[in-house]
Number of protein chains: 4
Amino acid sequence: MRERLTLPPADEVVEYLFKPRALAFIERDFRLMMWVNQAHVLMLVRQGILTRDVGHSLIHALRELEQEGAEGLTLDPHLEDLYFNLEHALIAKVGMDVGGRMHTGRSRNDLGATMTRLAVREALVDFLGLQLGLRACLLEKAAEHTETVMPGYTHLQPAQPTTFGHYLASVALALERDAQRLLDVYPRLNLNPLGACAFAGTGFPIDRAMTAQWLGFDGIVDSTLDAVASRDYVSELLAAMAIMGVTLSRLAQDLYLWCSGEWGTVEVADDVAMTSSIMPQKKNPITLEHIKAKAGHLLGAVVASLAAQKAVNFMHCSDMWEAVAPLWDAFAQAQGVLHLTRRTVLGLQVNQTLMLERATQDFSTATELADVLVREKDLPFRMAHGIVGSLVARVLQQGLPWRAVTSTMIDDCAREVIGHALSLSDEQVDRALDPLRNLAGKHAAGSPSAPETQRLISRARDQLARQQRTVEAWQARPQQARHALDRELAAQQLT
Amino acid sequence: MRERLTLPPADEVVEYLFKPRALAFIERDFRLMMWVNQAHVLMLVRQGILTRDVGHSLIHALRELEQEGAEGLTLDPHLEDLYFNLEHALIAKVGMDVGGRMHTGRSRNDLGATMTRLAVREALVDFLGLQLGLRACLLEKAAEHTETVMPGYTHLQPAQPTTFGHYLASVALALERDAQRLLDVYPRLNLNPLGACAFAGTGFPIDRAMTAQWLGFDGIVDSTLDAVASRDYVSELLAAMAIMGVTLSRLAQDLYLWCSGEWGTVEVADDVAMTSSIMPQKKNPITLEHIKAKAGHLLGAVVASLAAQKAVNFMHCSDMWEAVAPLWDAFAQAQGVLHLTRRTVLGLQVNQTLMLERATQDFSTATELADVLVREKDLPFRMAHGIVGSLVARVLQQGLPWRAVTSTMIDDCAREVIGHALSLSDEQVDRALDPLRNLAGKHAAGSPSAPETQRLISRARDQLARQQRTVEAWQARPQQARHALDRELAAQQLT
Amino acid sequence: MRERLTLPPADEVVEYLFKPRALAFIERDFRLMMWVNQAHVLMLVRQGILTRDVGHSLIHALRELEQEGAEGLTLDPHLEDLYFNLEHALIAKVGMDVGGRMHTGRSRNDLGATMTRLAVREALVDFLGLQLGLRACLLEKAAEHTETVMPGYTHLQPAQPTTFGHYLASVALALERDAQRLLDVYPRLNLNPLGACAFAGTGFPIDRAMTAQWLGFDGIVDSTLDAVASRDYVSELLAAMAIMGVTLSRLAQDLYLWCSGEWGTVEVADDVAMTSSIMPQKKNPITLEHIKAKAGHLLGAVVASLAAQKAVNFMHCSDMWEAVAPLWDAFAQAQGVLHLTRRTVLGLQVNQTLMLERATQDFSTATELADVLVREKDLPFRMAHGIVGSLVARVLQQGLPWRAVTSTMIDDCAREVIGHALSLSDEQVDRALDPLRNLAGKHAAGSPSAPETQRLISRARDQLARQQRTVEAWQARPQQARHALDRELAAQQLT
Amino acid sequence: MRERLTLPPADEVVEYLFKPRALAFIERDFRLMMWVNQAHVLMLVRQGILTRDVGHSLIHALRELEQEGAEGLTLDPHLEDLYFNLEHALIAKVGMDVGGRMHTGRSRNDLGATMTRLAVREALVDFLGLQLGLRACLLEKAAEHTETVMPGYTHLQPAQPTTFGHYLASVALALERDAQRLLDVYPRLNLNPLGACAFAGTGFPIDRAMTAQWLGFDGIVDSTLDAVASRDYVSELLAAMAIMGVTLSRLAQDLYLWCSGEWGTVEVADDVAMTSSIMPQKKNPITLEHIKAKAGHLLGAVVASLAAQKAVNFMHCSDMWEAVAPLWDAFAQAQGVLHLTRRTVLGLQVNQTLMLERATQDFSTATELADVLVREKDLPFRMAHGIVGSLVARVLQQGLPWRAVTSTMIDDCAREVIGHALSLSDEQVDRALDPLRNLAGKHAAGSPSAPETQRLISRARDQLARQQRTVEAWQARPQQARHALDRELAAQQLT
């Protein structure tokens, strides 16, 4: 098939270009190519481009080759790529007069573009399954901990009391958007490029919508040029994965701190920890380190893919093959991240006593105290803030715990700042300083009070279920399409 | 307001942190902050958290400050940020007892998150307007050139005839997906974080949905933590812009080659060209170079933002401010790209004669000749390909133009490859070799025949109109919300 | 000068391309261009290409323009760029017959490449001064804390005792390599592109080495094409800055944790902290957050620059202007990082008591205990590790502090693991468990014992001084070159 | 060795963390670990930390294991990593009392850091060999083509005549800097981290300089913390590779255009071209596409590595393992790029006739004509530029080739622009318009005249030879070190 060229491919070309593609073929593409081939042949027969006899022989031979599998194929890298190897094997089986007709009305360009979309579709749908699974696990943990009080932080300094459940539910909600971005890729991805041929379509009366249907596509990529020139669905998929990777790196960073000796509020299970070869006491939460770091890999993959496409002519070319290449490692890395996060979260031990102790002893409830002054004493918020600010400074200076604050101490500050005492009752002071009572009053939508957290979790579960139904439908789709193809092959007496 | 701290901000902090924020404030945030303030005060009054009197004084003072503008505000960088400066000015105007109450039930954290979303929303909607405008321009050019035949390329080698119109329509379709990705960001962006306060909501009976409505949001960010901790809408916006930048770099690369002396099929207008200080003949298409290169800047912005967020604790913190920072320059760069592309395309001169000549003289129609052998002589495609392959090699060897091919030459090759002649008629040979007739036969969906290209353009215009309607609705939305706020302020007798 | 073109630049071109360049010109390039112009004119006179009279008039006029400054120049953006504006002003001053001769034997291409190198050289040398200053500050702090014992971490778990001084000295040593990479750029940067003209040199008998000397360059960029086509020194500079940014983000991350409430071993000064608008107790270490995040910006700048250059023809073109553009913001960001880090470290308060307490109570000395078993009882290391491993597990189970370990407890474990007791003396146990004595024994090169840390600091200071001398020489160089130019201008009677 | 932990590693941990490391171990690390082990044991014996008997048994067993190879080792992933597997095998061979002593005075942390440096050193030195080989090939081609005239471009528009040789030599000079950056990494890389142990050194009287010597290191990483915490040499290596990738993408982009049908000035050999499955005429220069695109992958690897390190605590941790991981694929990609570039350049066919024709017919010599007016008629350059500018416009308008310009035509323009004729002789006009004579006059240093190009090539070859000698010394170094180790082992009677 290299009639035009007088030399076989150079060793370097075989080693650095054809071999990597051959590996991909065996792992992913062979099975998909056989599917596409059969859909294409069936369409050619239905459109009268091939006779039923030729179609029958082709389908028969293709099914034999499919049965034998990629391993059954002798792969000669000098035949450029796997398609040529397969066609070669096909012609060896059924002769040139039949085998030489399969490629009518298409090209390796649209065939390749089609296989890539099929492979990415499979990988994406599987990946979404994992992502949804992780969120289910986070929401379950969150539901267990809607009343597990802990300090909440801004700028990593204790800010106000919150719960471990509210924290986990909030992360799950961020991951819901991450999933939605992945879902958004699907309609742009699940379109049929087949029939675009080299890029300019064909004069044969092919029907692109017909093959779309048997391959489980939602429609066709409209322009034949766009169909072979564009891989932007890969770029956006990589971007969505990188953003998700960053969300998970943030969760991992929190858990990483919290299982330090200094925090000590959570502990990872032994089965995700690593020990030391010389420090007998060590229990290292290495999964969290890998989760953090792999966000970097995912970001690298976006760059690799987009930089490969930058300033490439808008046409079919090998640069686009390279633009897709980073996706497969990115899927593997991101899968690892999801599995490792899920496993780590599942086994997490939570030190509720210590969490509550910290939330009580630090200054987390200072804001609530200011709010109480506003509500009970009708102070302007800024004035209440000023009084409590002085109080905090005084407590710190005296080395007291925040819980030691009394109504008298508040009055001392109030006199200093606004010129008169406020005489809060002990009950009022206690209501402000007790993180549990403080939290209970947080009625604003989405706040960390237990009822609001439960509402968040319930809302997140609804949305998860909705996404789950979509993903399940997509998971079933390819097989349904393949069955439809098989039925039609039988109906056309081609099998 | 820095009661807790005994030292003013260091010079370095003022110079490298507070000043850049102050600039942003004056340019973008002041106007938005005044809007948020009024919506917040109105809600506080409606919820009974502030009295109507206090509300009235606050609104009155805020409107005065709004009138005076950002320039009217004395900005003391030692007051940390602009919010404190504004509150300071407010209190100076109406006294602590009124001014000190505005900040009840919120925090700078949610206020900042809200202003950022409002500012990004505005910028995104404007940007979409530009993007749609560019596509309208490309589709108009495409419609003018549905019969402008030129060589189509794969691997930058002439492949098959196509038209300039089909090329432009295909790029416009790729840009349609680029716009759709930008549109997809909107529902995740246009949600209200206000009321999240520091991150843990509040015990005041605020109504987050109410302010959402007056600020033109579609709803609230559910979790109060997520509301202040997450900026993933910025990351995805940057990713969508970078992907669009790459699409445009590919268009630019094509035009760049085509206006080289060697290609010469298009020429940019003088008003987008630059001359040389020493080479009198030069006319340099510099806009295309900048368009290509700025794709790199957009990619850099994605990296800057995501790397800034990597492994940051899931909470409110200044890292998130830095994660947003690259967006503004990215908008400016991407706007430049859209403007420059539009202007360059608008003025493009197309050398139709040369395009057709090239498409005729090169080997673009070889595939069609093979297809003719398949259709007319019932050869298997692979065999036809083999014959034409030999023919091409022979023509190249003899230094003939492709158009010189005759039926006899085909027969010579056929005899060599398959052992017998094929005796195509002159008419059949001509039909294959004439790029115009060749193209006319490309009936497959999305092919470059004129009718199919017109169908593509028409479909692209429908979709453009649909996106346009969405964008227009979004453009009108903020003003409608602001009017509703004003009406309600009046109804509540606060103005 | 746009004789060849019939239209003035389009508004979009002026707005998005010429204006940004004009700003750069006024800020950075004007002064440098005047310097280059005078060096070039002097060389033309010395080489006999211009007469002394013409040279005298040109130099006189240039010095007038230099005096008037960039502000004195009327900038017409329609004259494409600032060079044309300047030449225009020059011709207005001295007439075409003199002013029209200045550009002999050069082009805007090499002129631009030269100004960029001069500007980058200045910025780099200043930046190195800052970087070295930060290290001096870190080493001073390190020297104060060579005996400030604290827990050392691996995987963020307490591992072995170390000192704050050893920690800071180690970071300073990493920053030494970061500086060395920046220094390595200089010899590749400080070469003269002038005389490359458009890219192909010139037939005028210019002397490129001569201008190199008066501009303070170490030599010429050998190839005239390479001189205008390459900006790889910018890429490597950005990479070196990004790597340094990452080093500092790691230092910031450590300090960030250590000043959390849970760690509490360091505290930032009030003048680098920010407060909260609603939480009266807050003291937020925001400089550390910005330092972390800005590493992301620096990484984005590398990507922006390299992606802009990817697949650009090897020639002079505007893509290269865009490849340089991210450098200026990167310098600003990186300067901010250095200033903020220095200020934050300078004011850092260290809680030595708490550090020592932590190092004593956690299991940091478990490894030393195993080592003592090896040294004193001649156990194989792996066996000693096994015994101490059991001991740690037991202590944890019993909820004891590590310091409570006794010889008897060790014997219990030893009997279990190796079948017999070891009977360590109390003194031996104490030597192992006391972090101070433990550290004192760390004699291996570069270990955290005080003497080894002092040796590290002293070695780092030597290297700092060496780098300092280099940087100072580079700082003096431009002025020396300019003086030499002025002297020669006088000697040639051109001033 | 996981005494402290009660659970075996989870399946996810084995699958996603331990398995990838195990693969790396078998491929790269086993051999290196055996080397390090022997150097370490020898040092322990020489320092009196182990007895000669123990040392002898250990060395004997290690050599047996070395002989058996990585395949001989039963790898139990539940033993965490390969070091534990190896120690396990060692203890199985020689018993705990001997085998348990090997790990005295070190840790997996410094061992891992050491193996990584050794592996990277090997890979870097090999890679440099390839890089230098490519440059030798480019310089040879350049030397063949110092008189092969072709149009030179700026902004992809014909600018001035140059030669193919000058072009290739210029690219080779850019690649010289790319190599120098890779060479600059070596002194920072080739330092010994061994003896840093977990990060805090050890109380055993080890000698780090001694193992450095037997492992071929130039010295030690001074700080024990820095030794295990830093991998910046990986980041800078990746950056240097990415910069080189971009240089090669630019060369590839030029060749890619030049072998288009429209340019046609070069043609790639058949053995690096790919054909089409449907277009019989196609000969696709795919290697150039892959070379361009792989620059994107290398840029992605920089980002992956630096983003993985961003904001990681300055200590030993698994994030650093992830920061190194992208290096291995980057080496493979960059090697592919070097091989493919070399092969493509080697087989390049150059159409010298067409190149010269283009350089003659386009306006490349217009600048020289202006220079002739300056030199021969003493016009100011700007005035000469104006006249030639008018001339170019006129020639274009009349559709004439540039070579048709006559003295009369010049005078017509001169009269128009400056009011009088110039009366150039035919010889003067011809000298200006003939690209060969034009080039011959380019005497300025580094210009494309043949003698200057030869000087450039000769200078580049000197520098190549210098780099070559350095690389060869580095190539020999490890084996010399290993021999020294073997000799000393024998001298100490340990073998």
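Residues numbered from 1 in each chain as written. Chains lettered and ligands numbered in written order. Predicted model: local features only at pLDDT ≥ 70, side-chain atom pairs only at ≥ 80, totals over all residues. Heavy atoms only, no water.

Colleague: Just to check I follow, could you spell out the interface of chain C and chain B for this structure?
Modeller: Interface size, as often reported, equals the accessible area lost upon joining of the parts. If you look at the interface, chain C gives 70 residues, while chain B gives 70 residues. Buried surface at the junction of chain C and chain B, both sides included, amounts to about 5800 Å², of which 61% is carbon and sulfur. Where chain C touches chain B, the interface holds 26 residue pairs in polar contact (both at pLDDT 80 or more). Taken together, the elements giving at least two residues each to the side of chain C that touches chain B come down to α1 (11-46), α10 (286-309), α11 (318-324) and α12 (326-346) of chain C. Residue contributions to the side of chain C that touches chain B peak at 15 residues, all from α10(C). Taken together, the residues of the side of chain C that touches chain B sort by class into 34 nonpolar, 18 polar and 18 charged. (Contact = heavy atoms within 4.5 Å. Buried area = accessible area lost by both parts, 1.4 Å probe. Polar contact = N/O pair within 3.5 Å; in protein donor to acceptor, adjacent residues only side chain to side chain. Helix = DSSP H or I, 4+ residues; strand = E, 2+ residues; numbered from the N terminus. Nonpolar A, V, L, I, M, F, W, Y, C, P; charged D, E, K, R; others polar.)

Colleague: Teacher, can you tell me more about the relation of the copies chain C and chain B here?
Modeller: The operation relating the two chain copies consists of a rotation about an axis and a shift along that axis. Expressed as a screw transformation, the operator carrying chain C onto chain B has a rotation angle of 180° and an axial translation of 0.0 Å, and the superposed copies differ by an RMSD of 0.0 Å. In the structure described here, the two chain copies are related by an operation that fits a two-fold rotation axis. Across chain C, the smallest distance between a C-alpha and the rotation axis is recorded for C:Gly300, namely 2.1 Å. (Least-squares fit on C-alpha atoms with pLDDT ≥ 70 in both.)

Colleague: Would you mind showing me how to read the pattern of salt bridges here?
Modeller: One side chain can pair with another of opposite charge once the charged atoms of both are near each other. By the definition in use, this model includes 147 salt bridges over all chains. In this structure, the salt-bridge partner of A:Lys292 is D:Asp319, at a minimum N-O distance of 3.1 Å. Residue A:Lys292 is located in helix α10 (residues 286-309), and its partner D:Asp319 is located in helix α11 (residues 318-324); the two belong to separate chains. In this pair, the class of A:Lys292 matches that of D:Asp319, namely buried. Where D:Glu427 meets D:Arg431, a salt bridge forms, and the shortest distance between an N and an O atom there is 3.6 Å. Of the two residues, D:Glu427 and D:Arg431 both sit in helix α17 (residues 426-433), 4 residues apart, roughly one turn of that helix. Residue classification places D:Glu427 among the partly exposed residues on the basis of a relative accessible area of 40%. Connected through salt bridges with shared partners, the residues A:Arg177, A:Asp178, A:Arg181, A:Asp184, B:Arg188, B:Asp226, B:Asp232 and B:Glu236 form a single ionic network. (Salt bridge = Lys/Arg side-chain N within 4 Å of Asp/Glu carboxyl O. Buried < 20%, exposed > 50% of the residue type's maximum accessible area, 1.4 Å probe, protein only.)

Colleague: Looking at this structure, how should I read the interface of chain D and chain C?
Modeller: Counting residues at the interface gives 103 residues for chain D, matched by 103 residues for chain C. Buried surface at the junction of chain D and chain C, both sides included, amounts to about 8800 Å², of which 61% is carbon and sulfur. It is D:Arg250, D:Phe314 and D:Arg382 that lose the most area in chain D upon contact with chain C, and together they represent 10% of the buried surface on that side. The interface formed by chain D and chain C includes 16 salt bridges. With a shortest N-O distance of 3.1 Å, D:Arg101 and C:Asp378 are connected by a salt bridge. Scanning the region where chain D abuts chain C turns up 46 residue pairs in polar contact (both at pLDDT 80 or more). Broken down by element, the residue count for the side of chain D that touches chain C peaks at 12 residues, all from helix α9 (residues 232-258) of chain D. The residue inventory of the side of chain D that touches chain C, partitioned by class, reads 48 nonpolar, 31 polar and 24 charged.

Colleague: Would you mind going over the side chain of D:Arg208 with me for this structure?
Modeller: Residue placement: D:Arg208 occurs in helix α7 (residues 208-214). Put simply, D:Arg208 is tucked away with no salt bridge, and the nearest opposite charge, on D:Asp222, sits 6.5 Å away. Looking at D:Arg208, its side chain comes within polar contact range of the main-chain oxygen of D:Asn192, at 3.1 Å. Those residues within four positions of D:Arg208 in sequence are excluded, and the remaining contacts are C:Ala445, C:Gly446, D:Asn192, D:Pro193, D:Leu194, D:Gly195, D:Ala196, D:Ile220, D:Val221, D:Asp222, D:Thr224 and D:Ala227. (Lys, Arg positive; Asp, Glu negative; His and termini not counted.)

Colleague: So what exactly am I meant to see when it comes to the relation of the copies chain D and chain C here?
Modeller: Superposing chain D onto chain C requires a rotation of 180° together with a translation of 0.0 Å along the rotation axis, leaving an RMSD of 0.0 Å. In this assembly the copies share their binding face: 100% of the residues contributing to the interface of chain D also contribute to that of chain C.

Colleague: Help me out: how do you make sense of unusual backbone geometry in this one?
Modeller: Trans peptide bonds make up the majority, and among non-glycine residues the majority have a negative phi. Phi is positive for C:His155, close to 50°, though the residue is something other than glycine. Take C:His155: it is sitting in the loop between β1 (149-154) and β2 (157-163). Although it is not a glycine, D:Asp378 sits at a positive phi angle of roughly 50°. Following the sequence through the fold, D:Asp378 ends up in the loop between α14 (366-377) and α15 (381-398). Here D:Asp378 falls in the exposed class, since its relative accessible area comes to 52%.

Colleague: What is the right way to look at the confidence of the model for chain A in this model?
Modeller: The predicted coordinates of low-pLDDT regions are not to be read in fine detail. Chain-level pLDDT for chain A is 94 on average; 99% of the residues reach the 70-or-more range. The ipTM value of the predicted complex is 0.96, and its pTM value is 0.97. (pLDDT = per-residue confidence, 0-100.)

Colleague: How should I be thinking about the nonpolar core in this particular structure?
Modeller: The tendency in soluble globular proteins is for nonpolar side chains to be buried as a group. Of all hydrophobic cores here, the largest spans 734 residues; its most connected members are A:Trp402, B:Trp402, C:Trp402 and D:Trp402. Leave out the neighbours within four places in its chain, and A:Trp402 touches A:Gln361, A:Asp362, A:Phe363, A:Thr365, A:Ala366, A:Leu369, A:Val388, A:Leu391, A:Val392, A:Val395 and A:Leu433. (Core = buried A, V, L, I, M, F, W, Y, C linked by side-chain atoms within 4.5 Å.)

Colleague: Whenever I open this one, α14(D) confuses me. Can you help?
Modeller: Working note: α-helix, 3.6 residues per turn, so residues spaced by three or four point in the same direction. Residue and element names in this part refer to chain D. The terminal C-alpha atoms of α14, which comprises 12 residues, lie 16 Å apart, in line with the 16 Å expected from a rise of 1.5 Å per residue. Of all 12 residues that make up α14, 9 are buried, and the element is covered over most of its length. Buried within α14 are the following residues: Ala366, Thr367, Glu368, Leu369, Ala370, Asp371, Val372, Leu373 and Val374. Lining the buried residues of α14 we find β2 (157-163), α15, α16 (407-418), α17 and α18 (435-440). Among the residues trailing α14, aspartate 378 stands out with phi positive, at a value near 50°. (Expected span 1.5 Å × (residues − 1).)

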